[in-house]
Amino acid sequence: MSKVSIVKVEDNYYDAFLRALDDLGEKPVARGDRVLIKPNLYEPKAPDSGDITNPRLVEAAARYCLDAGASRVIIGEGPSYYQSEANLRPCFTQTGISEVAERLGIEWVLFDEHQYRTFQNISKATPDEFRVTEYAFSCDKIINVPVLKTHYQTTVTLAMKNLKGCLKREDKPRFHHKDLDRAIVELNRIVRPAINVIDATARTTGSIGSSYRGQPIGERLLLASTDAVAVDAVGCALMGIDPDTVQTVTLGAEAGLGESDLTKVDIIGEELKRLNFKVKLPQEQLRQSFPQLEITGTDKACSGCLIPLLSNLLMLSERNARLKAPLRICLGTEPDIPEDRTYLLVGDCALTRGDEAANCIAGCPPDHEEIHQRLAAFFKPA
Ligand code: SF4
């Protein structure tokens, strides 16, 4: 039976990390192991923002590895596609991660600067060819430390989706072009963490790309399991989301990667029923704030367009801005251009021949500031 441990974090992340392993009866690292710790550092955000994995959890995981006799401990990440080259190293240096590495005498690596392994014709859901960091294979163990968040396309981003950071940056958009949920499941067949520890220690949670006003979590928690599907299912339930509605979870279970049925998961430690809360998904928030706004093609667009677009829309929502007139925003290839309302094409994927500049924001990824400026013209202040 799969086990998931839920532990409260008062102040000491190391004790909480050890308690979670103890609950599970797991010792994932053996003497001499080379270990990759894979946090979520998709952009250079504040350490305790809840947008990225808290460096204190990364430090706890690294200290555990060193205490267990690991011969090499590496903190590695490949940040989001929409980050500029100049912003990649700051995902480590401005988030407190490089300080953790320095303090413990371990390495941090930006995957983009190192070797990748190429995979071809893996499945219909994945691009014909894609590359995965060589660190996922050269290390004996992977400790996956994602952060608890919702996501516009995949509903949640937890343990399974966190492995997308192992892809070469240029290949990430192509993972969105076929079937993102199934592609994530395929990636989870290739990259197999020894343990997954979800960081739910921020005071708030939100969606990727929405850090303006998070929603309160309640208790500061770690959720840990060797089963990525089960820990994701518990993460969903914690946020008040039915795991059966989350494709990566159900498809992951179908693929034999773990258990999605919570009645068959041994949940140890804190009581889930007492902790769970109801998170508002970004699409619900946008529907409520802007009933006359349509966004199409999100299933074909990648985070390069989605994150800056959603960040800006959610910020407008939180400022109680109002749409001036019905608007359709089209993303991804084959945009569904309306005849009866104003529209805006976002990103090079959505551009078609002969588009008027007034209706387009070009770029791959498009410029964050340009999205901000151009969207503002469609809204009026509260
Ligand atoms: S145009 Fe946008 S959706 Fe298309 S690949 Fe570029 S960033 Fe991704």
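Residues numbered from 1 in each chain as written. Predicted model: local features only at pLDDT ≥ 70, side-chain atom pairs only at ≥ 80, totals over all residues. Heavy atoms only, no water.

(A) Examining the pattern of salt bridges more closely. Applying the stated criterion across every chain, the model contains 26 salt bridges. The partner of Arg-56 in a salt bridge is Asp-11, and the shortest N-O contact between them spans 3.3 Å. Note that Arg-56 is positioned in helix H2 (residues 55–67) and Asp-11 in the loop between strand E1 (2–8) and helix H1 (13–24), a separation of 45 residues in sequence. Under the relative-accessibility criterion, Arg-56 is labelled partly exposed at 36%. The salt bridge partner of Glu-294 is Arg-341, with a shortest N-O separation of 3.0 Å. Within this pair, whereas Glu-294 is found in strand E15 (residues 293–296), its partner Arg-341 is found in the loop between strand E17 (327–330) and strand E18 (342–346), the two being separated by 47 residues in sequence. (Salt bridge = Lys/Arg side-chain N within 4 Å of Asp/Glu carboxyl O. Helix = DSSP H or I, 4+ residues; strand = E, 2+ residues; numbered from the N terminus. Buried < 20%, exposed > 50% of the residue type's maximum accessible area, 1.4 Å probe, protein only.)

(B) Looking closely at the side chain of His-151. On the secondary structure map, His-151 appears in strand E8 (residues 149–151). Residue classification places His-151 among the buried positions, given a relative accessible area of 4%. A polar side-chain atom of His-151 sits 3.0 Å from the main-chain amide nitrogen of Gln-153. A polar contact is formed between the side chain of His-151 and the backbone nitrogen of Thr-154, at a distance of 3.2 Å. (Polar contact = N/O pair within 3.5 Å; in protein donor to acceptor, adjacent residues only side chain to side chain.)

(C) Structural view of the layout of surface pockets. Counted as a void, the largest pocket has a volume near 160 Å³. Lining the largest pocket, in full, are Tyr-152, Gln-283, Leu-286, Arg-287, Phe-290, Pro-291, Leu-293 and Ile-295. Elements represented by at least two residues in the lining of the largest pocket include exactly helix H12 (282–289) and E15. Top element by residues in the lining of the largest pocket is H12. It accounts for 3 residues. Considering only residue class, the lining of the largest pocket consists of 6 nonpolar, 1 polar and 1 charged. (1 Å grid on protein atoms, 1.4 Å probe; cavity = no way out; pocket = protein on both sides within 12 Å on 5 of 7 lines; lining within 4 Å. Points joined across faces, edges and corners; volume = space filled by probe spheres on them. Nonpolar A, V, L, I, M, F, W, Y, C, P; charged D, E, K, R; others polar.)

(D) View of the packing of aromatic side chains. Summed over all chains, the structure comprises 7 aromatic pairs. Considering the side-chain rings of Phe-17 and Tyr-64, the 5.7 Å spacing of their centres and the 45° angle between planes classify their relative orientation as tilted. Residue Phe-17 is found in helix H1, and its partner Tyr-64 is found in helix H2; the two are separated by 47 residues along the sequence. A relative accessible area of 1% places Phe-17 in the buried class. Here the aromatic rings of Phe-92 and Trp-108 are separated by 4.6 Å at their centres, their planes lie at 25°, and the arrangement is stacked. A residue pair is termed long-range when its members are at least 10 positions apart, and Phe-92 in helix H3 (residues 90–93) and Trp-108 in strand E4 (residues 107–110) qualify at 16 residues. Take Trp-108: its relative accessible area is 21%, and that puts it in the partly exposed class. Ring-pair connections join several aromatic residues into one group, and the members of that group are Phe-119, Phe-130, Phe-137 and Phe-175. (Phe/Tyr/Trp six-rings, centres within 6.5 Å; stacked < 30°, edge-to-face > 60°.)

(E) Structural view of the environment of Val-191. Within the element layout of this structure, Val-191 appears in the loop between helix H8 (180–190) and strand E10 (195–200). Judged by relative accessible area, Val-191 falls into the buried class, the value being 1%. For the pair Val-191 and Leu-18, spaced 173 residues apart in the sequence, the C-alpha separation amounts to 24 Å. With near-sequence residues (within four places) excluded, Val-191 lies in contact with Val-132, Ala-136, Ile-142, Leu-163 and Cys-166. (Contact = heavy atoms within 4.5 Å.)

Remember that the coordinates give geometry; whether it matters functionally is a separate question.
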